[in-house]
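# Analysis of the macromolecular model
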Amino acid sequence: MAKKMKLKKEAKKFGGIAILILCILIISCIFGIKTYREYKYKQTYEYKLIEHGYSLENAKKLVSYFKNSSKIDSILSISRNEKILDLIKEKYYIHNHLERYLAYLDTHKDTSYKDVVAIVNVNRDYDFYEHDIDSKTSDNELLIVNKYYTLNADFNPENLVTINNQYAYENNQITEEANDAYVSMWHAAKEAGIQLIVNSSYRNYQDQEDVYNSIKQSKGEREADKVAARPGHSEHQSGLAIDVFEIHNQLTGTFQDSPAYAWLKENAYLYGYIERYPEDKEYLTGYSFESWHWRYVGLEAAKVIHEEGITYDEYYAYYIENQAE
Ligand SMILES: [Zn+2]
């Protein structure tokens, strides 16, 4: 009997200890989970952004915009700047340009965010001819040539054809695709009562050098840069550009008021052509308004450019270069 009592007592004692151990285990478990959670949270971009000075709300916005990607590291590597929150709202925001956007904003406080993004995307935060990039000729009809992108002296388009005399003055050449598209466009314009004519098209590096140098010699570099592209920087070297007029009106000064120009503005994209240097876009293209200069880019790009009302320079930056990165 006494033995039984003793056993009961022992069991009670062990039970108590077991409960105590269990309690300790549960408590430390809860504590452990809590610390682990805290540790994990500290690893998140949300926490790091808050530590960097952003509000919880803004940290959440940045995390959601960048889908928690490592792109946030570059935001953490520069000082806190609330302007980033506005910049990322811009449709053509390119993350690689973030620091250049911010630098441009610092010196151009009255420029809209939309313009800042556009200007930096097309490299206009650099001086003309002082930031040379080789044009990627493998882009074919989507290659870009401007005051930043250069074609080599020996670049000649592979498939040049001579435009038939019915559609152009003699000795005008463009690439085969550009020519096919132009001929279709020419006939559509004719149906609308407009007779187009090309008076300038492919020009090789040497020709452009001659044009540029003769102006430079007579009027100086500054004047030459205003009216002509430097060799390697003319879109005419690509074989994708045409200077097109209406047969009865070939004055550069009045072409912009002609029905032919109005027709091209409305319809050229349906044939893969775009207006390359539109009015009021000199701050992006680097060229003053040239109503007669049209560029073949293919149907897909022409449609986007037409519908979104952007220049080719902006299109190239956002839809080609940025996508390739
Ligand atoms: Zn031209």
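Owing to the predicted nature of the structure, the values given are computational and were not obtained by experimental measurement.

### Brief notes about helix H14 (residues 312-324)
With 13 residues, H14 should reach 18 Å at 1.5 Å per residue; the first-to-last C-alpha distance of 17 Å fits that figure. Regarding H14, the residues found buried are Tyr 312, Asp 313, Glu 314, Tyr 315, Tyr 316, Ala 317, Tyr 318 and Ile 320. Here the buried face of H14 lies against helix H7 (113-121), strand S2 (149-150), strand S7 (273-275), helix H12 (282-285), strand S8 (293-296) and helix H13 (299-308).

### Quick notes on the nonpolar core
In terms of nonpolar packing, the biggest core is built from 46 residues, with Leu 49, Leu 62, Ile 84 and Tyr 312 touching the most fellow members. Sorting the residues of this core by element identifies helix H2 (45-51), helix H3 (56-65), helix H4 (71-76), helix H5 (83-87), helix H6 (98-107), H7, H13 and H14 as the ones contributing at least two each. Looking at this core element by element, the count peaks at 6 residues for H14. Three or more residues apiece are contributed to this core by two domains, here domain 1 (19-66) and domain 2 (133-324). Leaving out residues up to four positions away in the same chain, Leu 49 has contacts with Tyr 54, Ala 59, Leu 62, Val 63, Ile 72, Ile 75 and Leu 76. Membership of the second largest hydrophobic core comes to 35 residues, among which are Tyr 167, Tyr 182, Ile 242 and Leu 264.

### Let's talk about the coordination of the zinc ion
Ideal values differ by geometry: the angle at a metal is 109.5 degrees with four tetrahedral donors, but 90 or 180 degrees with six octahedral donors. Listed as protein donors to the zinc ion are His 236 (NE2), Asp 243 (OD) and His 293 (ND1); their distances from the metal cover 2.1 Å. Look at where the donors of the zinc ion fall in the sequence and you get H-x6-D-x49-H. Taken together, the residues His 236 in the loop between helix H10 (221-227) and strand S6 (241-246) and His 293 in strand S8 connect sequence positions 57 residues apart. For His 236, a relative accessible area of 5% translates into the label buried. With relative accessibility at 2%, the residue His 293 sits in the buried group.

### Some words on the pairing of S6
For S6, the tally of buried residues reaches 6 of 6 residues, placing the bulk of the element in the interior. With burial as the criterion, each face of S6 is covered, one bearing Ala 241, Asp 243 and Phe 245 and the other bearing Ile 242, Val 244 and Glu 246. Here strand S5 (residues 196-200) runs beside S6; their pairing, made up of 4 bridges, is antiparallel. The residue of S6 that forms the bridge with Ser 200 is Asp 243.

### Looking at the domain arrangement of the chain
Domain boundaries in the chain define domain 1 (19-66) and domain 2 (133-324). Computed over C-alpha atoms, the centres of domain 1 and domain 2 are 57 Å apart.

### Things to note about the side chain of Asn 179
Its place among the elements puts Asn 179 in helix H8 (residues 176-191). Look past the residues within four positions of Asn 179 in its chain and what remains in contact with it is Val 161, Ile 163, Ile 174 and Tyr 273.

### A short note on the side chain of Glu 46
As for its position among the elements, Glu 46 is in helix H2. Given the relative accessible area of 17%, Glu 46 is considered buried. Those residues in contact with Glu 46 that lie beyond four places of it in its chain are Tyr 41, Leu 56, Ala 59, Lys 60 and Val 63.

### Some words on the packing of aromatic side chains
Going through the model one piece at a time under the given rule, you end up with 25 aromatic pairs. Between Tyr 93 and Tyr 101, the aromatic rings sit 5.6 Å apart at their centres with planes inclined by 45°, giving tilted as the arrangement. In terms of burial, Tyr 93 and Tyr 101 fall into one category: buried. Centre to centre, the rings of Tyr 312 and Tyr 316 are 6.3 Å apart; their planes meet at 55°, and the pair counts as tilted. Of this pair, Tyr 312 and Tyr 316 both sit in helix H14, 4 residues apart, which is roughly one turn of the helix. Each member of the pair Tyr 312 and Tyr 316 is classed as buried.

### Notes on the sheet that holds S8
Reading across the sheet, the 4 strands line up as S5-S6-S8-S7 and stay open at both edges, with antiparallel pairing between neighbours. The two strands at the open ends of the sheet, each matched to only one other strand, are S5 and S7. Taking each pair of neighbouring strands and ignoring which way they run, the sheet shows an average axis angle of 45°. Contacts from helix H11 (residues 259-267) reach S5, S6, S7 and S8, with the element oriented near 25° to S8.

### Some details on the packing of H6 against H7
Axis separation between H6 and H7 bottoms out at 9 Å; the angle between their running directions is 120°. Accordingly, the angle class assigned to the pair H6 and H7 is oblique. Like other packed secondary-structure pairs, H6 and H7 cross with a definite hand, here right-handed. For the pair H6 and H7, the contacting residues are Arg 100, Tyr 101, Tyr 104 and Leu 105 in the first and Tyr 113, Val 116, Val 117, Ile 119, Val 120 and Asn 121 in the second. A breakdown of the residues in the contact of H6 with H7 according to their chemical character gives 8 nonpolar, 1 polar and 1 charged.

Parameters at a glance
- Residues numbered from 1 in each chain as written.
- Predicted model: local features only at pLDDT ≥ 70, side-chain atom pairs only at ≥ 80, totals over all residues.
- Heavy atoms only, no water.
- Helix = DSSP H or I, 4+ residues; strand = E, 2+ residues; numbered from the N terminus.
- Expected span 1.5 Å × (residues − 1).
- Buried < 20%, exposed > 50% of the residue type's maximum accessible area, 1.4 Å probe, protein only.
- Contact = heavy atoms within 4.5 Å.
- Core = buried A, V, L, I, M, F, W, Y, C linked by side-chain atoms within 4.5 Å.
- Domains from an automatic or database assignment.
- Donors = N, O, S within 2.8 Å, 3.2 Å for Na, K, Ca; no water.
- Pairing = 2+ DSSP bridges.
- Phe/Tyr/Trp six-rings, centres within 6.5 Å; stacked < 30°, edge-to-face > 60°.
- Axes fitted to C-alpha atoms, helices over the stretch in contact; angles between N-to-C directions.
- Parallel < 35°, antiparallel > 145°, perpendicular 65-115°, else oblique.
- Left-handed = near helix turned anticlockwise from the far one by under 90°.
- Nonpolar A, V, L, I, M, F, W, Y, C, P; charged D, E, K, R; others polar.

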